[in-house]
Amino acid sequence: MPPPAAKRVCGLKMPAVLRIGTHNGTFHCDEVLACFLLRQLPEYKDAEIVRTRDPALLSECDVVVDVGGEFDPKRHRYDHHQRSFSETFHSLRPEKRWVTKLSSAGLVYLHFGQRVLAQRLEREEGDPEVQVLYDKVYENFVEEIDAIDNGISQWDEEPRYTVTSNLSSRVGHLNPRWNDKDQDTQAGFHKAMEMVGEEFLDRLDFYHRSWLPARSLVEEAIRTRDEVDVGGEVVVFTQGGCPWKEHLFNLEQELGIETTVKFVLYPDQSGQWRVQCVPAGPHTFQNRLSLPEAWRGVRDDTLSTLSGIPGCVFVHASGFIGGNRTREGALAMARHTLKGAAKSSANGN
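Residues numbered from 1 in each chain as written. Predicted model: local features only at pLDDT ≥ 70, side-chain atom pairs only at ≥ 80, totals over all residues. Heavy atoms only, no water.

**Some words on the packing of helix 5 (residues 128–149) against helix 7 (residues 186–223)**
Right, so step 1: Following both chains from N to C, one finds helix 5 and helix 7 inclined at 125°, their axes separated by 10 Å at the closest point. By the angle between their directions, the pair helix 5 and helix 7 is classed as oblique. Where helix 5 crosses over helix 7, the two elements pack in a sense that is right-handed. Where helix 5 approaches helix 7, its residues Glu 129, Val 132, Leu 133, Lys 136, Val 137, Asn 140 and Phe 141 are matched on the opposing element by Val 196, Glu 199, Phe 200, Arg 203, Leu 204, Tyr 207, His 208, Trp 211, Leu 212 and Arg 215.
Right, so step 2: Of the residues that constitute the contact of helix 5 with helix 7, the class distribution is ten nonpolar, two polar and five charged. (Axes fitted to C-alpha atoms, helices over the stretch in contact; angles between N-to-C directions. Helix = DSSP H or I, 4+ residues; strand = E, 2+ residues; numbered from the N terminus. Parallel < 35°, antiparallel > 145°, perpendicular 65-115°, else oblique. Left-handed = near helix turned anticlockwise from the far one by under 90°. Contact = heavy atoms within 4.5 Å. Nonpolar A, V, L, I, M, F, W, Y, C, P; charged D, E, K, R; others polar.)

**Some remarks on the pairing of strand 9 (residues 263–267)**
Note on strand geometry: in a regular strand, side chains alternate between the two faces of the sheet.
Right, so step 1: Within strand 9, five of the five residues are buried, leaving the element largely enclosed by the surrounding structure.
Right, so step 2: What you see with strand 9 is no split at all: Phe 263, Leu 265 and Pro 267 on one side and Val 264 and Tyr 266 on the other are buried throughout.
Right, so step 3: Sheet topology note: the strand 8 (residues 234–236)/strand 9 ladder contains three bridges and is parallel. Its bridge partner being in strand 9, Val 234 is matched across the sheet by Phe 263.
Right, so step 4: As a crossover connection, the stretch from strand 8 through helix 8 (residues 245–254) into strand 9 is right-handed.
Right, so step 5: Sheet topology note: the strand 9/strand 10 (residues 273–277) ladder contains five bridges and is antiparallel. Counterpart to Leu 265 in the pairing with strand 10 is Val 275.
Right, so step 6: Between the antiparallel neighbours strand 9 and strand 10 lie five residues, among them Gly 271 with a positive phi of about 95°. (Buried < 20%, exposed > 50% of the residue type's maximum accessible area, 1.4 Å probe, protein only. Pairing = 2+ DSSP bridges. Right-handed = clockwise from strand over helix to strand, strands pointing away.)

**Overview of the environment of Glu 219**
Right, so step 1: Summarising the element assignment, Glu 219 is placed in helix 7.
Right, so step 2: For Glu 219, a relative accessible area of 23% gives the class partly exposed.
Right, so step 3: Considered as a pair, Glu 219 and Met 333 are 114 residues apart in the sequence and their alpha carbons are 23 Å apart.

**A closer look at the pairing of strand 12 (residues 321–324)**
Right, so step 1: Of the two faces of strand 12, the one holding Ile 321 and Gly 323 and the one holding Gly 322 and Asn 324 are both buried throughout.
Right, so step 2: As judged from the three bridges shared by strand 11 (residues 312–315) and strand 12, these two strands associate in the antiparallel manner. Opposite Phe 314, over in strand 12, you have Gly 323 as the bridge partner.
Right, so step 3: Counted along the chain from strand 11 to the antiparallel partner strand 12, the turn is five residues long, and its residue Gly 319 has a positive phi close to 80°.

**Thoughts on the environment of Asp 300**
Right, so step 1: Mapping Asp 300 onto the fold places it in helix 9 (residues 300–307).
Right, so step 2: Exposure remark for Asp 300: the relative accessible area of 31% places this residue in the partly exposed category.
Right, so step 3: Residues Asp 300 and Phe 314 lie 14 residues apart in sequence; the distance between their C-alpha atoms is 6.0 Å.

**What to know about the side chain of Arg 51**
Right, so step 1: By the secondary structure assignment, Arg 51 is in strand 4 (residues 48–51).
Right, so step 2: For the buried Arg 51, no salt bridge exists, and the shortest N-O distance to an oppositely charged side chain is 5.4 Å, to Glu 31.
Right, so step 3: A polar contact is formed between the side chain of Arg 51 and the backbone oxygen of Gly 25, at a distance of 2.8 Å.
Right, so step 4: Among the polar contacts made by the side chain of Arg 51, one reaches the side chain of Gln 186 at a distance of 3.0 Å. (Lys, Arg positive; Asp, Glu negative; His and termini not counted. Salt bridge = Lys/Arg side-chain N within 4 Å of Asp/Glu carboxyl O. Polar contact = N/O pair within 3.5 Å; in protein donor to acceptor, adjacent residues only side chain to side chain.)

**Focus: the pattern of salt bridges**
A side chain of one charge can pair with a side chain of the opposite charge if their charged atoms are brought near each other.
Right, so step 1: Overall, the coordinates contain 21 salt bridges when judged by the stated rule.
Right, so step 2: The salt bridge partner of Asp 72 is Arg 75, with a shortest N-O separation of 3.5 Å.
Right, so step 3: Lys 136 serves as the salt-bridge partner of Glu 246, at 2.6 Å between the closest nitrogen and oxygen. Of this pair, Glu 246 sits in helix 8 while Lys 136 is found in helix 5, placing the two residues 110 residues apart along the sequence.
Right, so step 4: In the salt-bridge network here, residues are joined through shared partners; they are Arg 19, Glu 48 and Glu 60.

As structure tokens, this is what we get:
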């Protein structure tokens, strides 16, 4: 889309202020986020937000979101309400897996999100970290807004309880109440944009400074797992407290690992070591391989005598985690379990 015509002020050629168009009246989280995202880009940093449904006024805007009945990226028109619209992230970018119908938030994020993240993180758009965060922020922030705005439920049946404190709900509460004398939505819209923007940037900062370093730690542990145990089924984290499960599942798939990891080892806050079973999936309490039944609920010297491994501290009653005073002891607990499972399998049990 060509840039707007320049204006002349006192003989000087001044660039025209760009305009972001969206609808007036009751506002929603999707167009609020869409406007905020656009304003993170240099060309729209000082853009005027025009809230109207007047086609003539919208036609003068440089970009239009959530109104107008058009989806045309070449002309920067990003509405999703028209009958013909059914686009998802996957339909527009087949390499992405998300199939939730897009709202104006998702449309703007899909087309501008990488630039926004690169701008905020001071990286190139093609930087691998930008690519990872682009996916993570959509899946864990923007997709929810898309689904809620399009009326897509999380469940096929009735939910057991109602959630009214999500971001979309909180934006909705900033609209005037039905019986308020003043029904002007302008102040509420800008307050909502400030709130949504603050939460977006806070989430991005968390993923960038906490979630992404955890991924790097897990990836390094996976790549060096053969140095820990020749079978490659045990990984060691040098630092405890790292949120590892999501990263482990994703990286196993991305790296094409055939022999999956069964145990992770890491130090706890007291300087002792934990051996934790890897669950069978991200949303289950079942383990790929649990610590031996005979060890469960047993502690200290009794456990050390039973297992034949010095320094044992405990094994949880469910068998999903155990402790040892040393790294070597925790590794021995994992190896003993793997050896027993292999022997049982060989015997056909």
